[in-house]
Amino acid sequence: MRFVFPHSHAFRRGRVSVDDDQKAGPECLVEFGDGVTVIPEWQTIDDAIHLAIPAYRTAKGTQVTSRSWRLVQGRDGQWRSERIP
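A. Looking closely at the sheet that holds strand β10 (residues 79-84). Taken together, 8 strands build an open sheet; the order of strands is β4-β3-β1-β2-β10-β9-β6-β5 and the sheet is mixed. Of all strands in the sheet, those with a lone pairing partner are β4 (37-38) and β5 (41-45), marking the two edges. Two strands pair when backbone bridges link them, and strand β2 (residues 15-19) and β10 are joined in this way by 2 bridges, in the antiparallel orientation. Opposite V16, over in β10, you have W79 as the bridge partner.

Here is the structure:
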């Protein structure tokens, strides 16, 4: 499983590409638009994907704290992120 955010970080209602390789197991990557890649934890709950992204540093050096996101596929087929408190 691979998740690609087009920006250097995830944000509310931001787009995300979900590449499901159909392989069983928890292995996956999150790639950001600035080239940074991290290994998150994820699980499917109902029709959404819950993604726990660990703390990381953007390519420009900004520290981003760990956060959890709920990824939901809209009627238009696009995946979007919603922050989980």
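Picking up after the structure, the text goes on.
B. Representation of the environment of H9 within the structure. Here H9 lies in the loop between β1 (2-5) and β2. In this structure, the C-alpha to C-alpha distance between H9 and T65, residues 56 residues apart in sequence, is 10 Å. Aside from chain neighbours lying at most four places away, what touches H9 is F32 and Y56. In this structure the side chain of H9 is engaged in a polar contact, spanning 3.2 Å, whose partner is the side chain of S8.

C. Expanded view of the pattern of salt bridges. Tallying each qualifying case throughout the model produces 3 salt bridges. The partner of E31 in a salt bridge is R2, and the shortest N-O contact between them spans 3.9 Å. Remark: R2 occurs in strand β1 and E31 occurs in strand β3 (residues 29-32); sequence separation between them is 29 residues. By relative accessible area, which is 23% here, E31 ends up partly exposed. With relative accessibility at 34%, the residue R2 sits in the partly exposed group. Here E82 makes a salt bridge to R12, at a shortest N to O gap of 3.7 Å. With E82 in strand β10 and R12 in the loop between β1 and β2, this pair connects stretches of sequence that are 70 residues apart. A relative accessible area of 59% means that R12 is categorised as exposed. When salt bridges with common partners are traced through the structure, they connect R12, R13 and E82 into a single cluster.

The rules behind each value
Residues numbered from 1 in each chain as written. Predicted model: local features only at pLDDT ≥ 70, side-chain atom pairs only at ≥ 80, totals over all residues. Heavy atoms only, no water. Pairing = 2+ DSSP bridges. Helix = DSSP H or I, 4+ residues; strand = E, 2+ residues; numbered from the N terminus. Contact = heavy atoms within 4.5 Å. Polar contact = N/O pair within 3.5 Å; in protein donor to acceptor, adjacent residues only side chain to side chain. Salt bridge = Lys/Arg side-chain N within 4 Å of Asp/Glu carboxyl O. Buried < 20%, exposed > 50% of the residue type's maximum accessible area, 1.4 Å probe, protein only.

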